[in-house]
Amino acid sequence: MALLDIKNLHASVAGNDILKGINLTINPGEVHAIMGPNGSGKSTLSNVLAGNEIYEKTEGEILFDGKNLDDLVAHERARAGLFLAFQYPIEIPGISNMYFLKAAVNAGREYRGEEQLDAMDFIDLIEEKKNVMNLRDDLLERAVNSGFSGGEKKRNEIFQMAMLEPKLGILDETDSGLDIDALRIVSDGVNALRSPERSFLLITHYQRLLDYIVPDFVHVMVHGKIVKTGGKELALELENEGYASWVGEEGP
Amino acid sequence: MKIEDENSFDGLTDKEYKYGFVTDIESDSLPPGLDENVVREISRRKEEPEWLTEWRVKAYHHWTTLEPPTWAKVEFPPIDYQALSYYSAPKQKIDAPKSLDEVDPELLETYKKLGIPLGEQEVLAGVATVAVDAVFDSVSVATTFKKNLEELGIIFGSFSDAVKDHPELVKQYLGTVVPYKDNYYATLNSAVFSDGSFCYIPKGVRCPMELSTYFRINAANTGQFERTLLIADEGAYVSYLEGCTAPQRDENQLHAAVVELVAHKDAQIKYSTVQNWYPGDKEGKGGIYNFVTKRGHCRGDNSKISWTQVETGSAITWKYPSCILKGDNSVGEFYSVAVTNNMQQADTGTKMIHIGKNTSSTIISKGISAGKAQNAYRGMVKVAETAENARNFSQCDSMLIGDRCGAHTFPYIDINNPTAQVEHEATTTKIGEDQIFYCNQRGLDTEEAVGLIVNGFCKEVFKELPMEFAVEAQKLLGITLEGSVG
Ligand SMILES: Nc1ncnc2c1ncn2[C@@H]1O[C@H](COP(=O)(O)OP(=O)(O)OP(=O)(O)O)[C@@H](O)[C@H]1O
Ligand SMILES: [Mg+2]
């Protein structure tokens, strides 16, 4: 069974139709990449999947892990194993990164009928994951993303993903704004999470990320539609030729 | 690394104001209306000495010359003081109960619903670190632990009992911190106050348990005017808790209390309040008008008074717990969380008046508004000429949830001695839908998310509260902000 099955998805935001019939199937263990010009609807797709209510799904069907996503609100989707690493991570004042994560991890565990982690177990988990992501201690104690640099925020997103161990990780331009070392660390973090059950959807503008995290499929999104699908070599093609041959075929 | 284990949103599912029940007890009330005869009648029923009757009458006459204050940032229709009843006692009080067995079981049931450990059973069951004086409508009903406290020479009980048993103490201190001419509501209170709590901690005694008062307004159309007087003699220490609830009604109800604290040399008073009066419904109908005057007097050198308050209820809160720092090296503290949701209005803050040398004060104020609520911080730091080396640190943080509410800060600073060091910091944060969605995306539901953010914001104040109160305060915050986002 597919982990994620999107059929003829249409969605709008602020009265504008953005997604115009997306079809996409992701099987367990697969890594898919979506590339496409600015404004083509990539973040819209990730927000619709995550259940951001600003975005309105107008047509189509999304099945995630056998469940119809229409039946689940955002926090239920998250607990069911859908994770979104935000293109622009949000700052949450007043609550420490650690405490936030503990609440999030335990919310997921409760959903799955697992025992709550106590403080000691949680610290052990943090220690294990933190080393993989090379995250500084002070970032754990500071309020979520507050005053983090752009790169620190991105790294924190992947750290959170590692802590939450989702079934599907959607990474919306996680590579943008990362320095070369950080890109490597983040990619290693993602690769460490790859498993036959876990899938990823990588949204990126740069072929380089895909050298580190090698995708099974690459899709090109233009004007709210997937216009081409191929293997990892498609990314190289795009890097050389750009989107010129697709853009302009259809007005925005 | 540190992990905070402050997980207490069990109460979140109680959607409605959960203290909104009315107790069916016959009460012995005066008919509505206020004049000199009513004032004298209250005093007569309470069998007060003449000096107290005359003090009330003086206050009443002064009150008739006053106009209600209009400077606070709150709006409400004029109150018809003639439509209120100024005295309501549960009937059985006429023969006051001598022990808990004699207390009306229905009253005890009420306290049980409020979660007050009043009955013997609960006391035995180990809630045994809190002595409670419960004020029901206008009279103080029962005091637990009276005996244990008496052995230490501590006097703790109803104000009325203190007037009978320790008139010299009451006479010596009453009105010395909040004079009867102080302000409109305090003057009214001085004329008609019905009961309240009285506490005296003798020299050198450290009160071994938290002392606590629960106020509950029950009868309709009754004003509640308690008077609390708390004295810590030289070197004494006491921590005092005040909790408040009221049943849900359509009319607004007036609550105008006065609290006076006196700290002598080397004495320390910690006064904590969790205020949860009925706030009115979503349209602002009903709810308590809470117009309270609270003031502490650091009378002796090295004395200290701390106010900690968590204000989540009331339709309108008008309240400025203050410290007069008269003794040299005396310390005043004010820690406050004020939450307003829907149509609630709060204008609250503090006054720190530095008179003695080397006096210092700290103000930490956290205001949270949601819905269409308005929340104002009003603080005054005054340094008199005599106050060499006075210090003050003030921090006023506001949090807005949604974009229809308001937060306002009015700091007043009046420095008359050049050696003073006064610091003021202020911040405003807003919780928006994007933050809530981010939390949702990590698996937290909206109420949890708001709870986490808000509790994080209030941490500095909550840590000043006694443990069991801190937990209750967190729950109340959750309940108050229920449904405020999304
Ligand atoms: N909240 C919003 N309100 C109004 N318009 C929006 C909103 N979110 C997205 N849009 C519009 O939808 C279109 C698609 O935006 P989206 O963010 O999905 O693009 P993208 O493919 O992620 O672009 P980029 O590569 O620049 O991140 C854009 O035209 C954008 O302006
Ligand atoms: Mg985008």
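Anything mentioned here points back to the structure above.
First things first, this report covers the structure right here in the doc. Please read these numbers as outputs of a predicted model, since none were measured by experiment. As a convention, each chain's residues are numbered from 1 in the sequence order in which they are written. To read the labels, note that chains go from A and ligands from 1, taken in the order they are written. Under the rules for a predicted model, residues below a pLDDT of 70 receive no local features and side-chain atom pairs below 80 are neither given nor counted, while totals for whole chains, interfaces and linings still include all residues. Each side-chain value is worked out from all heavy atoms of the structure, with water and hydrogens disregarded.

1. Regarding the overall build of chain B
Reasoning step 1: The way it works is that DSSP assigns letters per residue, a run of H or I at least four long becomes a helix, a run of E at least two long becomes a strand, and they are numbered from the N terminus. What chain B contains, in helices and strands, is 11 helices and 23 strands.
Reasoning step 2: The buried share of chain B, taken over its 486 residues, is 62%.
Reasoning step 3: Each accessible area is a Shrake-Rupley result for a 1.4 Å probe, and residues are judged covered by the shown protein chains and nothing else. Taken as a whole, chain B presents about 18300 Å² of accessible surface, with 49% of it coming from carbon and sulfur. We call a residue buried when its accessible area falls under 20% of the maximum for its residue type, exposed when it is over 50%, and partly exposed in between, using a 1.4 Å probe and counting protein chains only.

2. Some thoughts on the packing of aromatic side chains
All names here are of chain B.
Reasoning step 1: Stacked, tilted and edge-to-face are the three classes assigned to paired rings of Phe, Tyr and Trp, where Trp is represented by its six-membered ring and a pair needs centres within 6.5 Å; plane angles under 30 degrees give stacked, over 60 edge-to-face, the rest tilted. According to the stated counting rule, one finds 22 aromatic pairs over all chains in the structure shown.
Reasoning step 2: With 5.2 Å between their ring centres and 80 degrees between their planes, F159 and F193 make a pair best called edge-to-face. Placement of the pair is F159 in helix α6 (residues 159–165) and F193 in the loop between α8 (184–192) and β6 (197–201), with a sequence separation of 34 residues.
Reasoning step 3: The buried category is assigned to F159, whose relative accessible area is 1%.
Reasoning step 4: A network of ring pairs unites the aromatic residues Y60, W63, F76, Y81, Y184, Y185, Y289, F291, W318 and Y320 as a single cluster.
Reasoning step 5: Whether a charge sits over a ring depends on NZ of Lys or CZ of Arg being within 6 Å of the ring centre and within 35 degrees of the ring normal. A cation sits over an aromatic face here: R227 above F193, 5.8 Å from the ring centre.

3. Comments concerning the pattern of salt bridges
Reasoning step 1: We count a salt bridge whenever a side-chain nitrogen from Lys or Arg sits within 4 Å of a carboxyl oxygen from Asp or Glu. Tallied over the full model, the rule gives 34 salt bridges over all chains.
Reasoning step 2: Across the pair E157 of chain A and R442 of chain B runs a salt bridge whose closest N-O atoms are separated by 2.6 Å. Highlighted residues: E157 of chain A in helix α6 (residues 150–164) and R442 of chain B in the loop between α9 (433–441) and α10 (446–462), drawn from two different chains.
Reasoning step 3: Its salt-bridge partner being E36 of chain B, residue R40 of chain B comes within 3.0 Å of it at the nearest N-O pair.

4. Re helix α1 (residues 42–50) of chain A
All names here are of chain A.
Reasoning step 1: Counting buried positions over the nine residues of α1 gives eight, a clear majority of the element.
Reasoning step 2: Along α1, the positions that sit buried rather than exposed are K42, T44, L45, S46, N47, V48, L49 and A50.
Reasoning step 3: Just downstream of α1, G51 is the residue with a positive phi angle, here 90 degrees.

5. Here's the deal with the state of the cysteines
Reasoning step 1: For this text, the term disulfide refers to a pair of cysteine sulfurs within 2.5 Å. Summed over the entire model, instances satisfying the criterion amount to zero disulfides over all chains.
Reasoning step 2: The structure places no disulfide on C405 of chain B, whose sulfur is separated from the nearest cysteine sulfur, that of C458 of chain B, by 14 Å.

6. Considering the packing of helix α3 (residues 97–111) of chain A against α6 of chain A
Residue and element names in this part refer to chain A.
Reasoning step 1: Only the stretch in contact is used when fitting a helix axis, every axis being a line fitted to C-alpha atoms; angles between N-to-C directions are given from 0 to 180 degrees. Here α3 crosses α6 at 35 degrees, and the two axes come no closer than 10 Å. Crossing of α3 over α6 shows right-handed handedness. Within the contact between the two elements, α3 uses N97, F100, L101, A104 and V105 and α6 uses N156, F159, Q160, M163 and L164.
Reasoning step 2: Three residue categories are used. Nonpolar comprises Ala, Val, Leu, Ile, Met, Phe, Trp, Tyr, Cys and Pro, charged comprises Asp, Glu, Lys and Arg, and polar comprises the others, including Gly. Its residues placed into classes, the contact of α3 with α6 shows seven nonpolar, three polar and no charged. In this scheme, a crossing is called left-handed if the near helix is turned counterclockwise away from the far one by less than a right angle; it is called right-handed if the turn is clockwise. The criterion used for residue contact is that any of the two residues' heavy atoms lie within 4.5 Å.

7. What to know about the site of ligand 1
Residue and element names in this part refer to chain A.
Reasoning step 1: The criterion for a residue being near a molecule or strand is simple. One of its heavy atoms has to lie within 4 Å of it. Neighbouring ligand 1 are 15 residues; G39, K42, S43, T44 and H205 lie closest to it.
Reasoning step 2: Polar contacts, as counted here, are pairs of nitrogen or oxygen atoms within 3.5 Å of one another; within protein the pair requires one atom able to donate a hydrogen and one able to accept it, and residues that are adjacent in sequence qualify only if both atoms are side-chain atoms. The backbone of G39 places a nitrogen or oxygen atom 2.9 Å from an oxygen atom of ligand 1.
Reasoning step 3: In isolation ligand 1 exposes 630 Å². Once the protein is present, 65% of that is buried.
Reasoning step 4: Looking at which element gives the most residues to the shell around ligand 1, the answer is α1, with three residues.
Reasoning step 5: Its residues assigned to classes, the shell around ligand 1 shows five nonpolar, eight polar and two charged.

8. What about the interface of chain A and chain B?
Reasoning step 1: Facing 41 residues of chain A, the contacting portion of chain B comprises 25 residues.
Reasoning step 2: Note on definitions: buried area is the accessible-area loss of two parts on being combined, 1.4 Å probe, summed for both. Summing both partners gives a buried area of about 2800 Å² for chain A against chain B, and 67% of it is carried by carbon and sulfur.
Reasoning step 3: Taken together, the connections running from chain A to chain B amount to 11 residue pairs in polar contact (both at pLDDT 80 or more).
Reasoning step 4: Where the side of chain A that touches chain B is concerned, the elements lending two or more residues are α1, α2 (74–79), β6 (82–85), α3, α4 (119–133), α5 (137–141) and α6 of chain A.
Reasoning step 5: No other element matches the seven residues that α3 of chain A contributes to the side of chain A that touches chain B.

9. Quick look at the environment of C199 of chain B
Residue and element names in this part refer to chain B.
Reasoning step 1: In this fold, C199 is placed in strand β6.
Reasoning step 2: The class of C199 is buried, set by a relative accessible area of 1%.
Reasoning step 3: Separated by 62 residues in sequence, C199 and L261 place their C-alpha atoms 9.5 Å apart.
Reasoning step 4: Setting aside chain neighbours within four positions, we find C199 in contact with I155, F156, L211, L229, L230 and I231.

10. Description of the coordination of the magnesium ion (ligand 2)
Residue and element names in this part refer to chain A.
Reasoning step 1: Surrounding the magnesium ion (ligand 2) are the protein donor atoms S43 (OG) and Q87 (OE1), at 2.0 to 2.2 Å. Residue S43 is found in helix α1, and its partner Q87 is found in the loop between β6 and α3; the two are separated by 44 residues along the sequence.
Reasoning step 2: Take S43: its relative accessible area is 22%, and that puts it in the partly exposed class.
Reasoning step 3: Here Q87 falls in the buried class, since its relative accessible area comes to 18%. Because water is not among the atoms used, a metal site may look incomplete, as its donors are only the N, O and S atoms within 2.8 Å, or 3.2 Å for Na, K and Ca.

11. Quick notes on the sheet that holds strand β9 (residues 217–222) of chain A
Residues and elements named next belong to chain A.
Reasoning step 1: Two strands are said to pair when DSSP picks up at least two bridges between them. One open sheet accounts for six strands, arranged β6-β7-β8-β3-β9-β10; its pairing is mixed. The two strands at the open ends of the sheet, each matched to only one other strand, are β6 and β10 (225–230). Taking the axes of each pair of neighbouring strands and ignoring which way they run, one obtains an average angle of 20 degrees across the sheet.
Reasoning step 2: Two strands pair when backbone bridges link them, and β6 and strand β7 (residues 168–172) are joined in this way by four bridges, in the parallel orientation. Directly across from L82, in β7, lies its bridge partner L168.
Reasoning step 3: Packed on one face of the sheet, α6 meets β6, β7 and β8 (199–203) and runs near 165 degrees to β6.

12. A few points about the sheet that holds strand β2 (residues 16–26) of chain A
Reasoning step 1: Ordered in space as β2-β1-β4-β5 (chain A), the four strands form an open sheet in which the pairing is antiparallel. The open sheet has two free edges, formed respectively by β2 and β5 (67–68) of chain A, since each of these has just one partner strand.

13. Let's talk about the side chain of N392 of chain B
Residues and elements named next belong to chain B.
Reasoning step 1: With respect to the helices and strands, the residue N392 is situated in strand β21 (residues 391–401).
Reasoning step 2: Given the relative accessible area of 5%, N392 is considered buried.
Reasoning step 3: If we ignore the near neighbours within four places in the chain, the residues touching N392 are H354, S361, I363, V381, Q421, V422 and E423.

14. Looking at the pairing of β2 of chain A
Residue and element names in this part refer to chain A.
Reasoning step 1: Direction of pairing for strand β1 (residues 4–13) relative to β2: antiparallel, over a ladder of eight bridges. Looking at β2, one finds that S12 is bridged to D17.
Reasoning step 2: Connecting β1 to the next strand, β2, in antiparallel fashion are two residues, including A14 with a positive phi near 50 degrees.

15. Here's the deal with the nonpolar core
Reasoning step 1: Put simply, a nonpolar core is a bunch of buried Ala, Val, Leu, Ile, Met, Phe, Trp, Tyr and Cys residues held in one set by side-chain atoms that sit within 4.5 Å of each other. Formed by 68 residues in total, the largest nonpolar core has its most connected members in I6 and L49 of chain A together with I368 and V454 of chain B.
Reasoning step 2: Apart from the residues within four sequence positions on either side, I368 of chain B is in contact with A338, V339, T340, N375, M399, I401, V454, F457, C458 and L481 of chain B.
Reasoning step 3: Counting residues in each nonpolar core, the second largest holds 47 residues, with W55, V163, F193 and V262 of chain B among its members.

16. Concerning the packing of α9 of chain B against α10 of chain B
Residues and elements named next belong to chain B.
Reasoning step 1: Contact geometry for α9 and α10: axes closest at 9 Å, N-to-C directions at 115 degrees. In terms of their interaxial angle, α9 and α10 are classed as roughly perpendicular. Here α9 and α10 pass one another in a crossing that is right-handed. Within the contact between the two elements, α9 uses I436, C439 and N440 and α10 uses T446, A449, V450 and I453.
Reasoning step 2: For the contact of α9 with α10, the per-class residue count stands at five nonpolar, two polar and no charged. Angles below 35 degrees are treated as roughly parallel, those above 145 as roughly antiparallel, those between 65 and 115 as roughly perpendicular, and all remaining angles as oblique.

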